[in-house]
Protein chains: 2
Amino acid sequence: MASNPTLEFWFEFASTYSYIAAMRIEKLCRDAGVRLVWRPFLLGPIFALQGWETSHFNLNPRRGNYMWRDMERLTAKFGLPWQKPSEFPRNTIVPARVACAIADEPWCGDFVRRVYVANFGEDRAINERDVIASILEELGQPADEILARAESAEQRPQLRANTERATELGIFGAPNCVVDGELFWGEEAMEDAIAWALGRRHASILQ
Amino acid sequence: MASNPTLEFWFEFASTYSYIAAMRIEKLCRDAGVRLVWRPFLLGPIFALQGWETSHFNLNPRRGNYMWRDMERLTAKFGLPWQKPSEFPRNTIVPARVACAIADEPWCGDFVRRVYVANFGEDRAINERDVIASILEELGQPADEILARAESAEQRPQLRANTERATELGIFGAPNCVVDGELFWGEEAMEDAIAWALGRRHASILQ
């Protein structure tokens, strides 16, 4: 094989199920020998395509009630911090722009996980520059420099480009794994995505 | 322990993900020593509560496109027959009434699986009495007698009662497993439901 198979992890910092997935995906890929690529995007424009002005968890209370209970169970199952956020969904353009700017850095996973814990384990306002700056500093990174780069004219279009690419890929929610253009939605589908990356596809759906 | 833990499987014959789940649930419960109770219900009235006139897979093409591809993958993964149905979602009142009438019979699982394969593996019109009668006959059962009982004045209200109970349980889709009133939605959540039935709950969410 020429190189390791690659898995793109498409995530939105406001998404509850993306939290569960984001905390697990790097280890799953490492253990499987699959290369991980971080792909932040915004769900807002994709929800708008589906005619929604906010998360369907807010639009459909039956679905929303279940999700909040499911979060209690899933965070307990995986040993993750949990505190129901006082605002949902949060705007996430600031951390998403930073994640775009540092997506290829070896510490991107640390940043992503730290932002998710801030949102869903600590109920912090993750769209505030101060909050993101303090997380970058905790990680030993030059916060001002990185925020300036993330919001520069050269870098800013990347988040919109990611969101447009997500739209083209057929993405309708988060989290998602994409392997060779094949879309796997939901945190429960991550293991199937890794199996796909490793070529363990059932014969009847091999091209 | 006084008796085996019990898992209620709440399903709708029109539901694609219920197909995957229904084909697997009896063996999962048997292997775990969990008692299985079949709970047929209708999704139509529950979708109506959410303001939908049909399946959200039809209302939201992005979500629907993904589901159909996911079905190809999941049926391949579990070695199940697959043929995209020419009508979706099908009306299912006839098989659902029969399933209500025979829910306590030891062959209920065989009937449920046979109806699902007819819908999603063979594209048969499962709401026609002839189709259901032929399935009952295949299973060595007195088809006319069972259909008459399923549609009798005494038996008919059971399906509506199930659907009302599903509504009270917070159900918003299918399939579902319910253990001690705790709801687990989706075919991926079945293993978690079984763990719950066995009392393997994470300490932090034990009452």
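In the block above lies the structure referred to throughout.
Remember, predicted model here, so these are calculated numbers, not experimental data.

Enquirer: Lay out the overall build of chain A in plain terms, naming residues and giving numbers.
Expert: If you tally the helices and strands in chain A, you get 10 helices and four strands. Taken from the N to the C terminus, the helices and strands of chain A come in the order β-α-β-α-α-α-α-α-α-α-α-β-β-α. Whereas a compact globule of 207 residues would reach a radius of gyration of roughly 17 Å, chain A reaches 17 Å, a difference of no more than 12%. Burial statistics for chain A: of 207 residues in total, 41% are counted as buried. Partitioning the intrachain contacts of chain A with sequence separation of at least 6 by distance along the chain shows that 73% fall at a separation of at least 24.

Enquirer: Summarise the relation of the copies chain B and chain A; cite the residues concerned and give the values.
Expert: One chain copy maps onto the other through a rotation about an axis and a shift parallel to that axis. Once chain B has been moved 0.0 Å along the axis and rotated by 180°, it coincides with chain A to within an RMSD of 0.0 Å. Here the symmetry operator amounts to a two-fold rotation axis. Among all residues of chain B, the minimum C-alpha distance to the rotation axis is found for Glu188(B), at 3.2 Å.

Enquirer: Explain helix H6 (residues 108-120) of chain B to me, and be specific about the residues and the numbers.
Expert: For an α-helix, the turn length of 3.6 residues means that residues three or four places apart are oriented alike. Taking 1.5 Å of rise per residue, 13 residues should cover 18 Å, and H6(B) covers 18 Å from first to last C-alpha, within 8% of that figure. Buried residues in H6(B) make contact with helix H1 (16-32), strand S2 (35-40), helix H5 (93-101) and helix H7 (129-138) of chain B.

Enquirer: Which residues make up the sheet that holds S2(B), and what values go with them?
Expert: Residues and elements named next belong to chain B. Spatially, the four strands line up as an open sheet ordered S2-S1-S3-S4, and their pairing is mixed. The two strands at the open ends of the sheet, each matched to only one other strand, are S2 and strand S4 (182-185). Going across the sheet, the axis of each strand differs from the next one's by a mean of 25°, ignoring polarity. Direction of pairing for strand S1 (residues 6-11) relative to strand S3 (residues 176-179): antiparallel, over a ladder of three bridges. The partner of Phe-9 across the bridge, within S3, is Cys-177.

Enquirer: Please set out the interface of chain B and chain A residue by residue, giving values where relevant.
Expert: Counting from both sides, the interface comprises 18 residues of chain B and, opposite them, 18 residues of chain A. When residues of the side of chain B that touches chain A are traced back to their parent elements, those giving at least two are helix H4 (61-78) and S4 of chain B. Broken down by element, the side of chain B that touches chain A gets its largest block of residues, eight residues, from H4(B). A class-by-class count of the residues in the side of chain B that touches chain A yields six nonpolar, six polar and six charged.

Enquirer: Residue-level account of the sheet that holds strand S3 (residues 176-179) of chain A, with values.
Expert: Residues and elements named next belong to chain A. Ordered in space as S2-S1-S3-S4, the four strands form an open sheet in which the pairing is mixed. Each of the sheet's edge strands pairs with one partner strand only, and the pair in question is strand S2 (35-40) and strand S4 (182-185). Taking the axes of each pair of neighbouring strands and ignoring which way they run, one obtains an average angle of 25° across the sheet.

Enquirer: How would you sum up the packing of helix H1 (residues 16-32) of chain A against helix H6 (residues 108-120) of chain A? Please name residues and give values.
Expert: All names here are of chain A. Relative orientation of the contacting elements H1 and H6 amounts to 145°, with a least axis distance of 10 Å. Handedness of the H1/H6 crossing: left-handed. Mapping the contact onto sequence places Thr-16, Tyr-19, Ala-22, Met-23 and Glu-26 in H1 and Gly-109, Val-112, Arg-113, Tyr-116 and Phe-120 in H6.

Enquirer: I'd like a rundown of the packing of H5(B) against helix H9 (residues 157-168) of chain B, residues and numbers included.
Expert: The description of two helices packed together rests on the angle between their axes and the distance between the axes. Residues and elements named next belong to chain B. Between H5 and H9, whose axes approach to 9 Å, the crossing angle comes to 90°. With respect to H9, the axis of H5 lies roughly perpendicular. Along its contact with H5, which presents Ala-96, Arg-97 and Cys-100, the element H9 presents Gln-158, Leu-159 and Asn-162. Of the residues belonging to the contact of H5 with H9, the class tally is three nonpolar, two polar and one charged.

Enquirer: Explain H1(A) residue by residue, including any values.
Expert: Residues and elements named next belong to chain A. Here H1 spans 25 Å end to end across 17 residues, near enough to the 24 Å set by a 1.5 Å rise per residue. Approximately 40° is the largest bend angle found in H1, and it occurs at Arg-24. Residues of H1 that are buried: Thr-16, Tyr-17, Ser-18, Tyr-19, Ile-20, Ala-21, Ala-22, Met-23, Ile-25 and Cys-29. Downstream of H1 by one or two residues, Gly-33 has phi in the positive range, about 75°.

Enquirer: Before we move on, could you go through unusual backbone geometry and cite the residues and values that matter?
Expert: Residues and elements named next belong to chain B. Here the bond from Phe-88 into Pro-89 is cis, since omega is -10°, no more than 30 degrees from zero. With respect to the helices, strands and loops of the structure, Pro-89 is situated in the loop between H4 and H5. Here the bond from Ala-174 into Pro-175 is cis, since omega is 0°, no more than 30 degrees from zero. The topology assignment puts Pro-175 in the loop between H9 and S3. A positive phi is found at Asp-123, a non-glycine position, where the angle reads about 50°. Relative to the assigned elements, Asp-123 resides in the loop between H6 and H7. A count of 14 C-beta atoms within 10 Å places Asp-123 in the partly exposed class.

Enquirer: Tell me about the pairing of S1(B), and please be specific about residues and values.
Expert: Along any regular strand the residues' side chains alternate between the sheet's two faces. Residue and element names in this part refer to chain B. Summarising burial for S1: five of the six residues are buried, a large majority. Summarising the sheet, S1 and S2 pair through six bridges and their orientation is parallel. Residue pairing in the sheet places Leu-7 in a bridge with Leu-36 of S2. As for the winding sense of the linkage, the β-α-β connection from S1 through H1 to S2 is right-handed.

Calculation rules
Residues numbered from 1 in each chain as written. Chains lettered and ligands numbered in written order. Predicted model: local features only at pLDDT ≥ 70, side-chain atom pairs only at ≥ 80, totals over all residues. Helix = DSSP H or I, 4+ residues; strand = E, 2+ residues; numbered from the N terminus. Rg over C-alpha atoms; globule rule 2.2 N^0.38 Å. Buried ≥ 20, exposed ≤ 12 C-beta atoms within 10 Å, placed from the backbone. Contact = placed C-beta atoms within 7 Å. Least-squares fit on C-alpha atoms with pLDDT ≥ 70 in both. Expected span 1.5 Å × (residues − 1). Pairing = 2+ DSSP bridges. Axes fitted to C-alpha atoms, helices over the stretch in contact; angles between N-to-C directions. Nonpolar A, V, L, I, M, F, W, Y, C, P; charged D, E, K, R; others polar. Left-handed = near helix turned anticlockwise from the far one by under 90°. Parallel < 35°, antiparallel > 145°, perpendicular 65-115°, else oblique. Bend = angle between axes of the 7 residues up to and from the residue. Right-handed = clockwise from strand over helix to strand, strands pointing away.

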